Amino acid sequence: CVTPDSIAPIVKLKNFGSDTLTSAVINYKLDNGTLNFFSWSGSLAQKSSANVVLPMIQISQGSHVFLAYSTNPLDCLICASPSLATYPLHGLPIRY
């Protein structure tokens, strides 16, 4: 198995607001690293969700903690399901 040196995390963005969501700022970081920001734009109806692929993050072999949340707007939810965010490294999964 080849160890990747970077991954592109996938998070699920869900609209809990009453209007169509057209943009959101997703904050994310790996372990205790730098907090990154990703500006998403699209069209997400009320109670709808979409998978968002974030930019590549450098990683090393081992277990890591991935954190993602939205700050603008606050009425949407970010989650990473195990099926969307499990990356095998030498047979050991990294869960976000």
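Located above this text is the structure these notes cover.
Residues numbered from 1 in each chain as written. Predicted model: local features only at pLDDT ≥ 70, side-chain atom pairs only at ≥ 80, totals over all residues. Heavy atoms only, no water.

Colleague: Give me the lowdown on the pairing of strand β2 (residues 10-15), citing residues and values where you can.
Modeller: Only one face of β2 is buried, namely the one carrying V11, L13 and N15, since none of I10, K12 and K14 on the opposite face is buried. Here β2 runs beside strand β5 (residues 49-53); their pairing, made up of five bridges, is antiparallel. Looking at β5, one finds that K14 is bridged to S49. (Buried < 20%, exposed > 50% of the residue type's maximum accessible area, 1.4 Å probe, protein only. Helix = DSSP H or I, 4+ residues; strand = E, 2+ residues; numbered from the N terminus. Pairing = 2+ DSSP bridges.)

Colleague: I'd love a proper account of the packing of aromatic side chains, names of residues and values included.
Modeller: Applying the stated rule across the entire model yields one aromatic pair. Both rings, one in Y28 and one in F66, keep their centres 6.3 Å apart while their planes meet at 35°; by these two values the pair is tilted. With Y28 in strand β3 (residues 21-30) and F66 in strand β7 (residues 66-72), this residue pair connects regions lying 38 residues apart in the sequence. We note that Y28, like F66, is buried. (Phe/Tyr/Trp six-rings, centres within 6.5 Å; stacked < 30°, edge-to-face > 60°.)

Colleague: Tell me about the side chain of H64, and name the residues and values.
Modeller: Examined against the element boundaries, H64 turns out to sit in the loop between β6 (57-58) and β7. At a separation of 2.7 Å, a polar atom in the side chain of H64 contacts the side chain of D31. Separated by 2.6 Å, the side chain of H64 and the backbone oxygen of S60 make a polar contact. (Polar contact = N/O pair within 3.5 Å; in protein donor to acceptor, adjacent residues only side chain to side chain.)

Colleague: Any chance you could break down unusual backbone geometry for me, citing the residues and the numbers?
Modeller: With a phi angle near 55°, D31 is a residue other than glycine that sits in the positive phi range. Relative to the helices and strands, D31 resides in the loop between β3 and β4 (36-44). Notably, K47 is not glycine yet its phi reads approximately 65°, a positive angle. When you line up the elements, K47 lands in the loop between β4 and β5. By relative accessible area, which is 64% here, K47 ends up exposed.

Colleague: How would you summarise the pairing of β3 if you had to cite specific residues and measurements?
Modeller: Both β3 and β4 contribute to a ladder of seven bridges, which runs antiparallel. Bridging from a neighbouring strand, I26 pairs with F38 of β4. In textbook terms, the turn of a hairpin is the stretch between consecutive antiparallel strands, and for β3 and β4 this stretch comprises five residues, one of which, D31, has a positive phi near 55°. Where β3 and β7 come together, six bridges link them in antiparallel fashion.

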